[in-house]
Amino acid sequence: MNGKQLTLAIIVLFLVLVIGFFLLSRKPAEEEQKVEQARVLEPKSPEVAEKPVEPAPEESAPAEPVEPAEPVEPAAPIVPLPPSTAGCKADPAPLAKQRITAAPKDMLYIPGGPFSMGSPPEAGYPDESPVHSVCVIGFYIDKHEVTNAQFKEFVEATGYITEAEKVASPDVLTWRRPYEPESDAEQMPNYPVVCVSWNDANAYALWAGKRLPTEAEWEKAARGTDGRMYPWGNAAPTAASANMADKSGAFKWSDAVLDDKYKTASPVGSFPGGRSVYGVEDMAGNVWEWCFDWWNKDYYRASPSQNPPGPDTGEFKVIRGGSWFYSADGARTTHRMYFRPAGNGAAIGFRCVKDVG
Ligand SMILES: [Ca+2]
Ligand SMILES: [Ca+2]
């Protein structure tokens, strides 16, 4: 081989190496798409819908929960507004009627009086027992879960930054991009706000002149006074009842027959067939709802019979009602789930209540 041939061979070899490196380093578009979808839709654990006897919070986490490891700055202390501790008695009918008529915009009146809280051991998990009579003072509750449009109003008025937004990562889902980094809450004004922590929800409630519902208030608004299993009654859920993990979502625990048409959340009030007896919407499904109370599995064994405010302290806050990411079991009115107050997820939102007078 002469000098010219050697030079030519070196050049050819160099080109082969460059082209080979380029081809190997290029990831097919289809593969990239699969990785992205998996990150968004697959839960941390396939057991999410199989609530254990002693629920394990980490395994029961809705989609993509985020617990900020290092907030950029410490959150300003926000003191939660406690529920009323005044005496409780059933509303006289004329009073209830008057308050129903006088309800604030987009809120419904839940009459004061006793109701049956919890479920018997054979019908629920241990933390739902025992069934006990609880009296709550009449209160107003949001007809719908708080929406993106409402939360945006709060953020624009106060400059509030949610806990998820304080995590400096473009991959973290926030209320502004709730289901995947490309999703845009601006385009979904009537959807429930999600990826908000208990602290964020509480801050919104105070700004709105409201508060988060106690578990007892939430359960009464969902269940009424006749001990029903679901907001609409005791009939098993149908595709018209609630947005749950159905065939649209195709999660491992999805109901393969139900077809509610929503893979993730739905605009609030999309399931009028699932209204509670008081007319409250989406108390079963769509998104879990933060409650005021700390969660304690034994709380029902010794809770006060009037306006129970939950334990004094705890590690987790209660969430209620199930979601688009959970089986129909979560939609039972007595089902109790819980999550860390600084955590959030694409299947957790909230609604507020307001005291009378
Ligand atoms: Ca669904
Ligand atoms: Ca809900």
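The rules behind each value
Residues numbered from 1 in each chain as written. Chains lettered and ligands numbered in written order. Predicted model: local features only at pLDDT ≥ 70, side-chain atom pairs only at ≥ 80, totals over all residues. Helix = DSSP H or I, 4+ residues; strand = E, 2+ residues; numbered from the N terminus. Buried ≥ 20, exposed ≤ 12 C-beta atoms within 10 Å, placed from the backbone. Contact = placed C-beta atoms within 7 Å. Pairing = 2+ DSSP bridges. Axes fitted to C-alpha atoms, helices over the stretch in contact; angles between N-to-C directions. Core = buried A, V, L, I, M, F, W, Y, C linked by C-beta atoms within 7 Å. pLDDT = per-residue confidence, 0-100.

Asker: Whenever I open this one, the overall build of the protein chain confuses me. Can you help?
Answerer: From N to C terminus, the protein chain includes 6 helices and 9 strands. A buried classification covers 45% of the 357 residues belonging to the protein chain. Sequence-distant contacts in the protein chain: of pairs separated by 6 or more residues, those separated by 24 or more amount to 73%.

Asker: Looking at this model, I keep getting lost on the sheet that holds strand E4 (residues 139-142). Mind explaining?
Answerer: The strands making up a sheet are joined through hydrogen bonds of the backbone, oriented either antiparallel or parallel. Pairing in this open sheet of 3 strands is antiparallel, and the strands run E1-E4-E9 from one edge to the other. With one partner strand each, in any of the chains shown, strand E1 (107-110) and strand E9 (353-355) form the two edges of the open sheet. Within this sheet the neighbouring strands show an average axis-to-axis angle of 30°, counted without direction. Note that E1 and E4 share 4 bridges and pair antiparallel.

Asker: Looking at this model, I keep getting lost on the sheet that holds strand E8 (residues 348-349). Mind explaining?
Answerer: Reading across from one edge, E7-E6-E5-E8 is the order of the 4 strands in this open sheet, with mixed pairing throughout. Across the chains shown, the open sheet's two edge strands, defined by having one partner strand only, are strand E7 (336-339) and E8. Judged from the 4 bridges that link them, strand E6 (residues 317-320) and E7 form a sheet pairing that is antiparallel. Residue Arg 320 lies in a different strand from E7, and its bridge partner there is Arg 336. Across the sheet, helix H6 (residues 215-223) lies against strand E5 (288-294) and E6, angled at about 140° from E5, the strand it touches most.

Asker: Where do I start with the environment of Val 146 in this structure?
Answerer: For Val 146, the location among the structural elements is in the loop between E4 and helix H4 (148-158). The class for Val 146 is buried, based on 26 C-beta atoms found within 10 Å. Along the backbone, Val 146 and Val 268 are 122 residues apart, and their C-alpha atoms lie at a distance of 8.4 Å.

Asker: What's the story with H6 in this structure? I'm lost.
Answerer: Counted residue by residue, H6 has 9 buried out of 9 residues, so it is predominantly covered. Gly 224 occupies a position one or two residues after H6 and carries a positive phi of about 70°.

Asker: Looking at this model, I keep getting lost on the nonpolar core. Mind explaining?
Answerer: Within soluble globular proteins, side chains that are nonpolar generally end up buried alongside one another. Val 194 and Ile 319 are the most contacted members of the largest nonpolar core, which totals 70 residues. Sorting the residues of this core by element identifies E1, strand E3 (132-136), E4, helix H5 (198-207), H6, E5, E6 and E7 as the ones contributing at least two each. Discounting chain neighbours no more than four positions away, the residues touching Ile 319 are Trp 288, Glu 289, Trp 290, Cys 291, Met 337, Tyr 338, Phe 339 and Ile 348.

Asker: Looking at this structure, I do not really get unusual backbone geometry. What am I missing?
Answerer: Phi is mostly negative for residues that are not glycine, and the peptide bonds are mostly trans. Across the junction of Ser 129 and Pro 130, the peptide omega takes the value 0°, indicating a cis bond. Within the fold, Pro 130 resides in the loop between strand E2 (113-117) and E3. In this model, Cys 195 sits at a positive phi of 60°, which is unusual for a non-glycine residue. Structurally, Cys 195 is set in the loop between H4 and H5. Positive phi values are uncommon outside glycine, yet Lys 261 reaches one of about 80°. By the secondary structure assignment, Lys 261 is in the loop between H6 and E5. For Lys 261, a count of 11 C-beta atoms within 10 Å corresponds to the exposed category.

Asker: Whenever I open this one, the environment of Met 244 confuses me. Can you help?
Answerer: Note that Met 244 resides in the loop between H6 and E5. Residue Met 244 is classed as buried on the basis of its C-beta count, with 30 C-beta atoms lying within 10 Å. In this structure, the C-alpha to C-alpha distance between Met 244 and Ser 327, residues 83 residues apart in sequence, is 6.1 Å. In this structure Met 244 touches Pro 237, Asp 255, Leu 258, Asp 260, Gly 285, Gly 322, Trp 324, Tyr 326, Ser 327, Ala 328 and Ala 331, once residues within four positions along its chain are discounted.

Asker: Just checking my understanding: could you explain the pairing of E5 for this structure?
Answerer: Two faces, one strand: in a regular strand the side chains alternate between the faces of the sheet. Among the 7 residues in E5, 7 count as buried, and that is most of the element. With 2 bridges joining them, E5 and E8 adopt parallel strand pairing. Its bridge partner lying in E8, Trp 288 is registered against Ile 348. Across 3 bridges, E5 lies against E6 in antiparallel orientation. Its bridge partner lying in E6, Trp 290 is registered against Ile 319.

Asker: Is there a simple way to think about the confidence of the model for the protein chain in this case?
Answerer: Parts of the model with low pLDDT should not have their predicted coordinates read in detail. Averaged over every residue, the pLDDT of the protein chain is 83; residues scoring 70 or more account for 76%. Segment residues 20-74: pLDDT under 50, and 66 contacts once partners within four positions in sequence are set aside and those in other chains are kept.

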